Amino acid sequence: MTSITNYIISIIFAATFILIAAVIANQIKFEGGANPKDPSKRKMWFWILAILNPIAYFLVGGFVLVPNPEDDQMVYDAYMAVVPFATAAGFVAYILIGFILSKIFKNGKVGNWF
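Let me begin by describing the structure that accompanies this report. (Residues numbered from 1 in each chain as written. Predicted model: local features only at pLDDT ≥ 70, side-chain atom pairs only at ≥ 80, totals over all residues. Heavy atoms only, no water.)

**Let's talk about helix H2 (residues 38-64)**
Moving on, step 1. Taking 1.5 Å as the rise per residue, H2 with 27 residues should run 39 Å; its terminal C-alpha atoms sit 37 Å apart, in good agreement.
Moving on, step 2. Taken as a whole, H2 has its buried residues at Asp-38, Arg-42, Phe-46, Leu-49, Ala-50, Asn-53, Pro-54, Tyr-57, Gly-61 and Gly-62. (Helix = DSSP H or I, 4+ residues; strand = E, 2+ residues; numbered from the N terminus. Expected span 1.5 Å × (residues − 1). Buried < 20%, exposed > 50% of the residue type's maximum accessible area, 1.4 Å probe, protein only.)

**Topic: the nonpolar core**
The tendency in soluble globular proteins is for nonpolar side chains to be buried side by side.
Moving on, step 1. Residues Ala-21, Phe-46, Tyr-94 and Trp-113 are the most contacted members of the largest nonpolar core, which totals 18 residues.
Moving on, step 2. Elements represented by at least two residues in this core include exactly helix H1 (3-27), H2 and helix H3 (73-104).
Moving on, step 3. For this core, the leading source of residues is H1, giving 8 residues.
Moving on, step 4. Aside from chain neighbours lying at most four places away, what touches Trp-113 is Ile-18, Ala-21, Ala-22, Ala-25, Arg-42, Lys-43, Phe-46, Trp-47, Gly-98, Leu-101 and Ser-102. (Core = buried A, V, L, I, M, F, W, Y, C linked by side-chain atoms within 4.5 Å. Contact = heavy atoms within 4.5 Å.)

**Overview of the packing of aromatic side chains**
Moving on, step 1. Scanning the entire structure with this criterion turns up 7 aromatic pairs.
Moving on, step 2. Relative to Tyr-57, the ring of Phe-13 lies with its centre 5.6 Å away and its plane at 75°, an arrangement referred to as edge-to-face. Of the two residues, Phe-13 sits in helix H1 while Tyr-57 sits in helix H2, which places them 44 residues apart along the sequence.
Moving on, step 3. Each ring, one from Phe-46 and one from Phe-114, has its centre 5.4 Å from the other, and the planes form 65°; the classification is edge-to-face. Taken together, the positions of Phe-46 in helix H2 and Phe-114 in the segment after H3 put the pair 68 residues apart, joining distant regions of the chain. (Phe/Tyr/Trp six-rings, centres within 6.5 Å; stacked < 30°, edge-to-face > 60°.)

**What about the side chain of Ser-10?**
Moving on, step 1. With respect to the element layout, Ser-10 can be found in helix H1.
Moving on, step 2. For Ser-10, a relative accessible area of 1% gives the class buried.
Moving on, step 3. Other than its neighbours up to four places away in sequence, Ser-10 contacts Tyr-57, Ala-86, Thr-87, Ala-89 and Gly-90.

**Examining the pattern of salt bridges**
Moving on, step 1. This model, assessed by the stated rule, comprises 2 salt bridges.
Moving on, step 2. Between Lys-41 and Glu-31 there is a salt bridge; the shortest N-O distance is 3.4 Å. On the criterion of sequence distance, the pair formed by Lys-41 in helix H2 and Glu-31 in the loop between H1 and H2 is long-range, its members being 10 residues apart.
Moving on, step 3. We classify Glu-31 as partly exposed; its relative accessible area is 32%.
Moving on, step 4. A salt bridge links Arg-42 to Asp-38, with the nearest nitrogen and oxygen atoms 2.9 Å apart. One end of the pair is Arg-42 and the other is Asp-38, both in helix H2 and 4 residues apart, which spans about a single turn. (Salt bridge = Lys/Arg side-chain N within 4 Å of Asp/Glu carboxyl O.)

Here it is in structure tokens:
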């Protein structure tokens, strides 16, 4: 597996977690009154998933998708060198996509993320 594949899978994880965050945000009902708590719930779930995104990718990338070191040690070393960078790229992609979506849909439920 090449390093580009690592980055692509990490971005796919970020997009999946954004989709999950959007579904959760849309499931939380609007609360009326002077001091509603629903925006803080949506923001909390967005940031919980922001923490789980790199953890999930690092675990999957480091333990499931990893090539067998007995076959080719150089491929294994190159793969393991890219996993932390791909994890960070996925986290940054999650934050950027979330920020863009929250600004696009600023009057909707997703707009409460930032």
